[in-house]
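For reference, the chains in residue letters:
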Amino acid sequence: MKNVVISGSGLFTPEETISNEELVASYNQYVDNFNTEHADAISAGAVDKLEHSSCEFIEKASGIKSRHVLYKKGILDPAIMQPVFERRSEEQMPEMVEMALSAAKEAMAQAGKTAADIDLIICAASNMQRPYPALSIELQHHLGAHGYAFDMNVACSSATFAVSNAVNAIRGGTARVVLVVNPEFASPQVNYRSRDSHFIFGDVCTATIIEAEDTCSSDNAWRIKGMRLKTEFSNNIRCDVGYTEHCLAPDPLVPFFKQQGRKVFKELLPIVADVILTEMAAQQVGPEQLKRLWLHQANINMNIFAAKKILGRDPLPEEAPLVLDSYANTASAGSVIAFHKYKQGLQSGDHAILCSFGAGYSVGCLVLQKC
Ligand code: COA
């Protein structure tokens, strides 16, 4: 079987940031306004009084301190509480393609590839700005790449599932060099009026180049030794807004994102540990051989728990790097940001795990070895 590698990676980070302090101040102002406006109904027991959010809770429960967003305008205004931006025309690049183009260029430069080398582009993300034409095909057009492109969505596991599609395409002979992009334009899906989830997501885009080892010229390439994908249905992380929305009776309670965070924590982690340990056993890679764990970035406590299960001990900070503090949860891009930022300084032959997990449930695990 042909050896396939990740030969480059790229990252686009939006300039604007929102700190926990800013987010909590705006949320608490919204709560005070709401409680004043509904004071009579609250006293009569007809409406629940809203509680303040807190920076201490957010940092302790999630590890998040700040997040990047494409459009800060509107999010912090207690009367708006959503990003404010203009609809782009058909002649303009949609945000997700623009982000992807930037991350793609860095990944291609790292891998020493030009658009002429790429014959498959996969745009894999938790939300697509439009169903068609595929965002990946628009990206293909702007890059000037040949071949074919498609979009896919497995929520937070979109990136790892896309890499596995790329590997299969290369081994099956339908592509030689694949560009995978993960534009996560997550801020519009956030309900900034929900105390439970207003702090969770940030915007970002990652990109990777996947190719056969024999065409690779990169000096920091990672051989994909093993891949294990797993899904198991759960309603605990859901988005119910789809293309049929305008036909249905308007329901302001239908959220773009909702979750039962505690249940996710309890139910998903055993599946994650099982998938990773099973693939490590299949590849005959022991915990003592692992130099890095580039894990999904949803929650610091989840990452520490997963790392302990894999290593059999507490991880050193550099072994399981976190990007959550400054990026927040960036859905499918999280583990790839960790890979991109913390793949330096390792030796040929070193092993590592890149693993995503999230809605579905879905888990995607790659066992990697430095070339
Ligand atoms: N500020 C202050 N307090 C808050 C709060 C906020 N913003 N949000 C919730 N709380 C309170 C709750 O009301 C609750 O109070 P109670 O104990 O009096 O009932 C308490 O804090 C604990 O809430 P809980 O929701 O159980 O918190 P948690 O410790 O489970 O942390 C998450 C919440 C979402 C950070 C955590 O469950 C998580 O990250 N889960 C995994 C989610 C995941 O991976 N999702 C994948 C998405 S792609």
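Residues numbered from 1 in each chain as written. Predicted model: local features only at pLDDT ≥ 70, side-chain atom pairs only at ≥ 80, totals over all residues. Heavy atoms only, no water.

J.: So what exactly am I meant to see when it comes to the overall build of the chain here?
T.: On a plain count of helices and strands, the chain comes out with 10 helices and 13 strands. The C-alpha radius of gyration computed for the chain amounts to 21 Å, which stays within 12% of the reference 21 Å derived for 371 residues, consistent with globular compactness. By principal-axis analysis of the C-alpha atoms, the chain measures approximately 70 × 55 × 35 Å. Looking at the chain as a whole, 54% of its 371 residues are labelled buried. (Helix = DSSP H or I, 4+ residues; strand = E, 2+ residues; numbered from the N terminus. Rg over C-alpha atoms; globule rule 2.2 N^0.38 Å. Buried < 20%, exposed > 50% of the residue type's maximum accessible area, 1.4 Å probe, protein only.)

J.: In this structure, what is going on with the nonpolar core? I would like to understand it.
T.: Burial of nonpolar side chains together is a common tendency in soluble globular proteins. Ranked by internal contacts, the top residues of the largest apolar core, which has 50 residues, are Leu268, Ile276, Leu290, Leu293, Ile353, Cys355 and Val363. Counting only elements with at least two residues in this core, the list comes to α1 (20-37), α3 (55-62), α7 (261-282), β11 (290-295), α8 (300-311), β12 (351-358) and β13 (362-370). Ranked by the residues each element gives to this core, the list is headed by α7, at 8 residues. Once residues within four sequence positions are removed from consideration, Leu268 is found in contact with Lys263, Met302, Phe357, Gly358, Tyr361 and Val363. Listed in part, the 35 residues of the second largest apolar core include Leu11, Val167, Ala175 and Leu366. (Core = buried A, V, L, I, M, F, W, Y, C linked by side-chain atoms within 4.5 Å. Contact = heavy atoms within 4.5 Å.)

J.: Would you explain the pattern of salt bridges in this entry?
T.: Pairing between side chains of opposite charge can happen when their charged atoms approach one another. Under the defined criterion, the tally for this structure stands at 12 salt bridges. Here Arg313 ties to Glu319 by a salt bridge, and the two come within 2.7 Å at their closest N and O atoms. Within the structure, one salt-bridge network assembled from shared partners comprises Arg88, Glu95 and Glu98. (Salt bridge = Lys/Arg side-chain N within 4 Å of Asp/Glu carboxyl O.)

J.: What's the story with the site of the ligand in this structure? I'm lost.
T.: Contacts to the ligand come from 17 residues, most closely from Cys156, Arg195, Gln259, Arg262 and Asn299. A distance of 3.1 Å is found between a nitrogen atom of the ligand and a backbone nitrogen or oxygen belonging to Gly261. Isolated, the ligand exposes 980 Å² of accessible area, and the fraction of that covered by the protein chains is 71%. Broken down by secondary-structure element, the contributors of at least two residues to the shell around the ligand are α3 and α7. Element by element, the count of residues in the shell around the ligand is highest for α7, at 4 residues. Taken together, the residues of the shell around the ligand break down into 8 nonpolar, 6 polar and 3 charged. (Near = heavy atom within 4 Å. Polar contact = N/O pair within 3.5 Å; in protein donor to acceptor, adjacent residues only side chain to side chain. Areas by Shrake-Rupley, 256 points an atom, 1.4 Å probe, with all protein chains shown as cover. Nonpolar A, V, L, I, M, F, W, Y, C, P; charged D, E, K, R; others polar.)

J.: Looking at this structure, how should I read a negative patch on the surface?
T.: Among the surface-exposed residues, Glu21, Glu56, Glu59 and Asp325 lie close enough to one another that they form a single negatively charged patch. Locating Glu21 in the fold gives a position in helix α1. (Patch = residues over 30% accessible without salt bridge, like charges linked within 9 Å, V, L, I, M, F, W, Y side chains within 5 Å. Lys, Arg positive; Asp, Glu negative; His and termini not counted. Charge placed at Lys NZ, Arg CZ, Asp CG, Glu CD.)

J.: Looking at this structure, I do not really get α7. What am I missing?
T.: Note: α-helices contain 3.6 residues per turn, so residues at a spacing of three or four share the same orientation. Its 22 residues place the ends of α7 31 Å apart at the C-alpha level, agreeing with the 32 Å of an ideal helix rising 1.5 Å per residue. When the local axis directions of α7 are compared, the greatest deviation, roughly 30 degrees, occurs at Leu268, which is followed within four positions by the proline Pro270. (Expected span 1.5 Å × (residues − 1). Bend = angle between axes of the 7 residues up to and from the residue.)

J.: Would you mind showing me how to read the sheet that holds β13 here?
T.: Within a sheet, neighbouring strands are paired by backbone hydrogen bonds and run either parallel or antiparallel to one another. On the basis of which strands lie adjacent, the open sheet formed by 9 strands has the order β5-β4-β6-β7-β1-β8-β13-β12-β11 and mixed pairing. Here the strands that pair on one side only, and so sit at the sheet edges, are β5 (148-152) and β11. Across the sheet, the mean angle separating the axes of adjacent strands is 25 degrees when strand polarity is ignored. Most of the contacts of helix α4 (residues 95-111) go to strand β1 (residues 4-12), to which it runs at about 130 degrees, and overall it touches β1, β6 (177-184) and β7 (204-212). Sheet strands in contact with α7 are β8 (222-231), β11, β12 and β13, and its direction is about 35 degrees off that of β13. (Pairing = 2+ DSSP bridges. Axes fitted to C-alpha atoms, helices over the stretch in contact; angles between N-to-C directions.)

J.: Could you clarify how one ought to interpret the side chain of His340 in this entry?
T.: Tracing the sequence through the fold places His340 in helix α10 (residues 334-341). Within the structure, His340 has its side chain in polar contact with the side chain of Glu106 (distance 3.3 Å). Excluding its chain neighbours within four sequence positions, the residues that come into contact with His340 are Ser9, Gly10, Leu11, Glu106 and Gln110.

J.: Where do I start with the state of the cysteines in this structure?
T.: In protein chemistry, a disulfide is the covalent bond that joins the sulfur atoms of two cysteines. A full pass over the atoms with the stated rule returns 0 disulfides. Counting only cysteine sulfurs, Cys205 is the nearest neighbor of Cys123, a cysteine outside any disulfide, at a range of 7.5 Å. In this model Cys239 remains outside any disulfide bridge; the closest cysteine sulfur is found in Cys156, 12 Å from its own. The partly exposed category is assigned to Cys239, whose relative accessible area is 38%. (Disulfide = S-S within 2.5 Å.)

So far we have only geometry, and geometry alone does not tell us how the molecule works.
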